[in-house]
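# Summary of the model geometry
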Amino acid sequence: MPQTTTSGRAVKAVIPAAGLATRFLPATKAVPKELLPVVDRPVLQYIVEEAAAAGITDVLLVTGRGKTAMVDHFDRRPDLEQRLAEKGDDERLAAVKRPSELAAIHSIRQGEALGLGHAVSFAESHVGGGAFAVLLGDEFMDDATLLNEMLDLQARTGGIVIALLEVGKDEVSRYGICSVSRAEGNAVEITGMVEKPSPEDAPSNLAIIGRYILPFEIFDALRRIGPGSGGEIQLTDAMALMLKEGAPVHGIVYGGVRYDTGMPLGYLQTVVELACQRADIGPAFRQWLVEFVGKEL
Ligand code: G1P
């Protein structure tokens with residue numbers, strides 16, 4: 001049985017962001033998909049904001065070739081800041097500084113993208129010990145409650161905690177799918193998991209969504225698995241190995257809104273929804289949208 005250790009609430013997060021984003025070409029040929037704007041902030045900033053709101057203070061971006069602009073976004077821009085300060089534009093000045101104030105941002109390069117598990121394995125020396133969060137860069141949630149609850153639960157159990165979402169049977173082959181037993185509120189005990197099963201083989205319709213809290217022992221499990229679904233090193237397989245060896249694995253079933261910006265349709269829905277919610281442009285945008293849709297029907 002793997003020794004998992006309770007080491008208090010995790011304060012570090014890893015965001016795998018080295019992928020080629022082929023579902024979004026040609027937009028992502030030169031611009032990382034993580035930097036596509038949702039209204040006026042890049043997708044990645046929303047994710048880091050969600051992490052910071054849940055008490056994460058240190059974020060490691062696992063990046064790849066052509067993606068250094070992502071790290072720049074979280075750096076200071078003294079020239080721009082000075083210009084805005086001189087103009088007395090305090091609002092924009094605060095907006096420009098904000099990304100650098102959210103958390104300490106670090107990056108590491110994943111030379112070749114061999115799967116999510118492979119990306120996470122690059123975080124071992126940065127994490128150093130103890131539990132940490134993994135947040136996938138093209139999914140974000142509308143508040144930090146989920147991540148907060150997950151961090152609390154992990155600090156209590158010392159094991160793995162993942163976020164789950166009920167999906168349609170026709171969608172199961174896009175996700176890691178879990179079988180679960182005992183439920184306590186919205187927390188469930190996970191009894192099995194499989195990466196991208198066919199609808200016939202799926203043990204349930206509970207899909208793993210892009211939030212994980214993992215104990216340090218996951219790095220050893222990642223070393224002990226081989227390539228899985230799609231020939232890639234799968235995080236799901238490493239978690240399944242720890243589960244088999246007796247580590248506690250829990251899920252929190254998410255009931256809120258999840259934004260999937262990884263492909264054009266989900267991205268557009270996210271932009272429209274978040275634009276409608278904005279206090280500044282929301283009212284005018286909603287009015288235009290209603291008129292536009294009315295004309296199209
Ligand atoms: C990854 C994980 C999968 C999870 C999904 C959530 O898959 O491997 O288990 O359900 O993220 O979005 P990917 O979307 O990278 O193929």
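Keep in mind that this is a model prediction, so the values were computed, not measured.

### Description of the overall build of the protein chain
- A tally of regular secondary structure across the protein chain gives 11 helices and 13 strands.
- Looking at the protein chain alone, contacts between residues at least 24 apart form 76% of all its contacts between residues at least 6 apart.
- Summed over all atoms, the accessible surface of the protein chain reaches about 14,200 Å², with 53% contributed by carbon and sulfur.
- Charged side chains of the protein chain number 29 positive and 40 negative; the gap between the two group centres comes to 4 Å.

### Re the packing of helix H1 (residues 43–53) against helix H4 (residues 90–102)
- Where H1 contacts H4, the axes come no closer than 10 Å and their chain directions differ by 55 degrees. In terms of axis orientation, H1 runs oblique to H4. Here H1 runs over H4; the crossing is left-handed. On the side of H1, the interface is formed by Gln45, Val48, Glu49 and Ala52, while H4 contributes Arg98, Pro99 and Leu102.
- Within the contact of H1 with H4, the residues separate by chemical class into four nonpolar, one polar and two charged.

### Some words on the UniProt feature "domain: Nucleotidyl transferase" (unreviewed entry) in the protein chain
- Mapped onto this structure's residue numbering, the UniProt feature "domain: Nucleotidyl transferase" (unreviewed entry) falls at residues 12–269.
- The straight-line gap between the two end C-alpha atoms of residues 12–269 is 30 Å; of that span, 33% is helix and 27% is strand.

### Considering helix H7 (residues 145–157)
- With 13 residues, H7 extends 18 Å between its outermost C-alpha atoms, agreeing within 8% with the 18 Å of an ideal straight helix rising 1.5 Å per residue.
- For H7, the set of buried residues is Leu146, Leu147, Met150, Leu151, Leu153 and Gln154. An end-on view of H7 places all buried positions within 165 degrees of arc, on one side of the element.
- Once H7 ends, the next one or two residues include Gly158, with phi positive near 80 degrees.

### A few points about the layout of surface pockets
- One number sums up the size of the largest pocket: a volume of about 1,100 Å³.
- Around the largest pocket, the lining is made up of 36 residues, and of these Arg23, Lys33, Leu136, Asp138 and Lys196 lie nearest the centre.
- Of all the secondary-structure elements, those providing two or more residues to the lining of the largest pocket are helix H5 (116–121), strand S11 (206–214) and strand S13 (258–260).
- No other element matches the four residues that S11 contributes to the lining of the largest pocket.
- When grouped by side-chain class, the residues that make up the lining of the largest pocket number 15 nonpolar, 10 polar and 11 charged.
- The volume enclosed by the second largest pocket comes to roughly 630 Å³.
- Residue lining of the second largest pocket: 20 residues in total, with Asp40, Arg92, Ala95, Val96 and Pro99 positioned closest to the centre.
- Breaking the lining of the second largest pocket down by element, the ones donating at least two residues are strand S3 (41–42), H1, helix H2 (68–73) and H4.
- The biggest single contributor to the lining of the second largest pocket is H4, with seven residues.
- When grouped by side-chain class, the residues that make up the lining of the second largest pocket number six nonpolar, two polar and 12 charged.

What counts, and where the lines are drawn
Residues numbered from 1 in each chain as written. Predicted model: local features only at pLDDT ≥ 70, side-chain atom pairs only at ≥ 80, totals over all residues. Heavy atoms only, no water. Helix = DSSP H or I, 4+ residues; strand = E, 2+ residues; numbered from the N terminus. Contact = heavy atoms within 4.5 Å. Areas by Shrake-Rupley, 256 points an atom, 1.4 Å probe, with all protein chains shown as cover. Lys, Arg positive; Asp, Glu negative; His and termini not counted. Charge placed at Lys NZ, Arg CZ, Asp CG, Glu CD. Axes fitted to C-alpha atoms, helices over the stretch in contact; angles between N-to-C directions. Parallel < 35°, antiparallel > 145°, perpendicular 65-115°, else oblique. Left-handed = near helix turned anticlockwise from the far one by under 90°. Nonpolar A, V, L, I, M, F, W, Y, C, P; charged D, E, K, R; others polar. UniProt positions renumbered as here; feature names shortened; annotations may be inferred. Expected span 1.5 Å × (residues − 1). Buried < 20%, exposed > 50% of the residue type's maximum accessible area, 1.4 Å probe, protein only. Arc of directions from axis to C-beta. 1 Å grid on protein atoms, 1.4 Å probe; cavity = no way out; pocket = protein on both sides within 12 Å on 5 of 7 lines; lining within 4 Å. Points joined across faces, edges and corners; volume = space filled by probe spheres on them.

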